[in-house]
Amino acid sequence: MSSADLAVQIFRLLDIEDFRVLNIIEVGMNKREFVPREQIQKFAKVPMVRVDFTLNKLNKLGLLYYNKSAYVGYALNYIGYDCLAINAFVKAKVFSSFGQTIGVGKEADVYTALTPIGETVAVKFHRLGRTSFRQTRRKRGYIKEHSAWLFQSYLAAEKEFHALELGYKNGIAVPNPIWHNRHTIVMSIIEGGELSKWRKISRPASVLKEILRNIRKAYLKAHIIHGDLSEYNIILKHDMHVLIIDWPQFVTADHPNALELLQRDIQNILTFFNRRFDVKIDFQLACDYVTGKIRNIMF
């Protein structure tokens, strides 16, 4: 069970004071590895006995890391961070209930959720450093590394949300970005399957053209480059149209390595279509089309 699954279950058990303490710890982690118990009480402005009750509850529910070596202090883990994000979305009426898991990967978990008016959306929790956490769980620097990765996950979600906004506004085939909070993005539902999982496509050349057309539009209109494009982050819908996902590594067209990253994206896609569907296209021709040197591409 992922931390988001646990967070959804635990969320229902939390009250206003629980979220206030979680927020205090979150802010305190900007300056400390563990936030001292006394500092939490100072900002909570309630008697220490109530703070201790809340901290014990949150600790037993598995939302915190606990330290009592030099002083008694607390730090958020991903479940606690998830709960804060979920609470923000629920309060803003972005969604009201969770559905099923769409995908669980090394760096993100994606779920369906229902809005208050019954529309289905996708909720993506960034999980940067998850593999690193498992490898360093018993090392002294684990919590410090964990705190840094929480922040990096926040930055990744913020960056991806910005890329989706730029892409969607410019007519690129990306999910519609709806809301962003902390390390989590809410977007339009992702239907279909990863391109990598499709063994047969009736018109693979048309699908490749559509992908190249979207890469071109991203580069020439939105001035962005995916930077990590492959068959694993292109969704092929049942109507044979595509959706390009996973944009946290995008760069702008004026980035020093922009051309190199753009060419790598193009090469990845051409290699896959050649290998899987025997669709061949000259690499330089594809690059000239994407960068606007030629208007059309025929193959």
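Residues numbered from 1 in each chain as written. Predicted model: local features only at pLDDT ≥ 70, side-chain atom pairs only at ≥ 80, totals over all residues. Heavy atoms only, no water.

Engineer: Which residues make up the overall build of the protein chain, and what values go with them?
Structural biologist: The number of helices and strands found in the protein chain is ten helices and 13 strands. Across its three principal axes, the protein chain shows a C-alpha extent of roughly 75 × 40 × 30 Å. Each of the 299 residues in the protein chain was classed as buried or not, and the buried ones make up 50%. If you take every contact in the protein chain between residues at least 6 apart in sequence, the share linking residues at least 24 apart comes to 62%. A total accessible area of about 15500 Å² is found for the protein chain, and carbon and sulfur atoms account for 52% of it. (Helix = DSSP H or I, 4+ residues; strand = E, 2+ residues; numbered from the N terminus. Buried < 20%, exposed > 50% of the residue type's maximum accessible area, 1.4 Å probe, protein only. Contact = heavy atoms within 4.5 Å. Areas by Shrake-Rupley, 256 points an atom, 1.4 Å probe, with all protein chains shown as cover.)

Engineer: Give me empty space enclosed by the protein: which residues, what numbers.
Structural biologist: Scanning the model with the defined rule gives one cavity of 30 Å³ or more in all. Counted as a void, the largest cavity has a volume near 60 Å³. Considering the residues around the largest cavity, the lining is formed by N214, I215, A218, I224, I225, H226, L229, I244, W247, L262 and D265. If you list the elements that add at least two residues to the lining of the largest cavity, you get α8 (204-222), β10 (224-225) and α9 (258-277). Ranked by the residues each element gives to the lining of the largest cavity, the list is headed by α8, at three residues. Residue composition of the lining of the largest cavity, by class: eight nonpolar, two polar and one charged. (1 Å grid on protein atoms, 1.4 Å probe; cavity = no way out; pocket = protein on both sides within 12 Å on 5 of 7 lines; lining within 4 Å. Points joined across faces, edges and corners; volume = space filled by probe spheres on them. Nonpolar A, V, L, I, M, F, W, Y, C, P; charged D, E, K, R; others polar.)

Engineer: Please provide a residue-by-residue account of the layout of surface pockets, values included.
Structural biologist: Approximately 950 Å³ is the volume attributed to the largest pocket. Together, 33 residues line the largest pocket, and A108, K124, Y232, I245 and D246 are the ones closest to its centre. Counting residues per element, the ones that place at least two in the lining of the largest pocket are β4 (97-104), β5 (108-114), β6 (120-126), α7 (142-169) and β9 (193-194). No other element matches α7, which puts four residues into the lining of the largest pocket. Per-class residue counts for the lining of the largest pocket are 14 nonpolar, nine polar and ten charged.

Engineer: Residue-level account of the packing of helix α1 (residues 3-11) against helix α5 (residues 78-91), with values.
Structural biologist: At a minimum axis distance of 9 Å, the contact between α1 and α5 shows a crossing angle of 60°. By the angle class used here, α1 and α5 are oblique. Between α1 and α5 lies a crossing whose hand is right-handed. Counted together, S3, A4, L6, A7, V8, I10 and F11 of α1 and Y78, I79, D82, C83, I86, N87 and V90 of α5 form the full contact between these two elements. Grouping the constituent residues of the contact of α1 with α5 by class yields eleven nonpolar, two polar and one charged. (Axes fitted to C-alpha atoms, helices over the stretch in contact; angles between N-to-C directions. Parallel < 35°, antiparallel > 145°, perpendicular 65-115°, else oblique. Left-handed = near helix turned anticlockwise from the far one by under 90°.)

Engineer: Just give me the short version of the nonpolar core, but keep the residues and values in it.
Structural biologist: Counting residues in hydrophobic clusters, the biggest one holds 53 residues, and the most contacted among them are L195, L208, I211, L212, W247, I266 and F273. For this core, the secondary-structure elements that each account for two or more residues are α7, β8 (184-188), α8, β10, β11 (234-236), β12 (242-244), α9 and α10 (283-290). Ranked by residues supplied to this core, first place goes to α9 with nine residues. Other than its neighbours up to four places away in sequence, I266 contacts L212, F283, A286, C287 and V290. (Core = buried A, V, L, I, M, F, W, Y, C linked by side-chain atoms within 4.5 Å.)

Engineer: Please provide a residue-by-residue account of the pairing of β5, values included.
Structural biologist: Counting buried positions over the seven residues of β5 gives six, a clear majority of the element. Of the pairings in the sheet, the one linking β4 to β5 comprises five bridges and is antiparallel in character. The residue bridging T101 from the neighbouring strand is Y111, located in β5. Hairpin connection, β4 to β5: the antiparallel pair is bridged by three residues. Where β5 meets β6, seven bridges bridge the pair, whose relative direction is antiparallel. Across the sheet, V110 pairs through a bridge with K124, a residue of β6. Linking β5 back to β6 in an antiparallel pair, the connection comprises five residues, with G118 at a positive phi of about 90°. (Pairing = 2+ DSSP bridges.)

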